[in-house]
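This is what each chain is made of:
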Amino acid sequence: MENIAIYPGSFDPVTNGHLDIVERGLKIFDKIVVTILHNPAKTTLFNVNERLEMLRMSLENFPNAEADSYSGLLIDYVAQRKATAILRGMRAVSDFEYEFQMALMNRRLNREIQTVFLMTGLRWIFTSSSIIKEAVRFGGDIADMVPPLVERKLKEKFGFGKG
Ligand code: PNS
């Protein structure tokens, strides 16, 4: 039986830190489905279709990873995909409380599904989609933090794209 993990998130947009987690996760799982879900606490810069397109193209080099989106409860999606685990990246201690709460809530909703945390590579410890968006908004160079397509889309969004 295939050992599938769901890697859920907002991915607004996908960063090299996320791809680092996918690469590490594929050393443990046969397949990873990177899934865009709604986070009620966040307003997004990119709509779901834009985020999904960036995710799909960024995952092209990972044959065992798939991009998807789902509207609803993460745990329902995990069961629907017959996955055994939820995969999340952990950067600094500041991530812990939120991740801990989410993992325990998800476990309460379905005891069969385990959340697995992987440590992000040191290079990506201080990056996040939010901080990257803020940097681009004010003209900062984030070329080495996101895939080239995402850099282009971010620049376009903030009006630095053409010429
Ligand atoms: O990248 P993010 O924004 O930290 O990801 C959070 C996300 C999207 C994984 C989380 O908000 C989520 O799972 N949303 C779907 C609804 C749900 O199942 N929430 C968790 C249990 S209440």
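Everything here concerns the structure above.
Overview of the structure.

1. Remarks on unusual backbone geometry
Here the residue pair D12 and P13 is connected by a cis peptide bond, since its omega of 0° sits within 30 degrees of zero. Turning to its location among the elements, P13 is positioned in the loop between β1 (4–9) and α1 (16–25). One non-glycine residue, F11, adopts positive backbone phi at about 45°. Classification of F11 by relative accessible area gives buried; the value is 3%. Of note, K82 is a non-glycine position whose phi angle comes to about 55°, a positive value. In this structure, K82 sits in the loop between α3 (74–80) and β4 (85–90). According to the relative accessible area criterion, K82 is exposed, its value standing at 63%.

2. A few points about a nonpolar patch on the surface
Where nonpolar side chains cluster on the molecular surface, the patch consists of V93, F96, F100 and L104 and spans about 410 Å² of accessible area. With respect to the element layout, V93 can be found in the loop between β4 and α4 (96–109). Of the residues examined, V93 reaches a relative accessible area of 74% and is grouped as exposed.

3. With respect to the site of the ligand
Around the ligand lies a shell of 15 residues, among which S10, N39, K42, L74 and R88 are the nearest. Contact distances for the ligand include 2.5 Å between an oxygen atom and a side-chain N or O atom of S10. Contact with the protein chains hides 82% of the accessible area of the ligand, taken as 540 Å² for the molecule alone. Counting only elements with at least two residues in the shell around the ligand, the list comes to β1 and α4. Ranked by residue count, the leading element in the shell around the ligand is α4, at 4 residues.

Reading the values: rules and limits
- Residues numbered from 1 in each chain as written.
- Predicted model: local features only at pLDDT ≥ 70, side-chain atom pairs only at ≥ 80, totals over all residues.
- Heavy atoms only, no water.
- Helix = DSSP H or I, 4+ residues; strand = E, 2+ residues; numbered from the N terminus.
- Buried < 20%, exposed > 50% of the residue type's maximum accessible area, 1.4 Å probe, protein only.
- Patch = residues over 30% accessible without salt bridge, like charges linked within 9 Å, V, L, I, M, F, W, Y side chains within 5 Å.
- Areas by Shrake-Rupley, 256 points an atom, 1.4 Å probe, with all protein chains shown as cover.
- Salt bridge = Lys/Arg side-chain N within 4 Å of Asp/Glu carboxyl O.
- Near = heavy atom within 4 Å.
- Polar contact = N/O pair within 3.5 Å; in protein donor to acceptor, adjacent residues only side chain to side chain.

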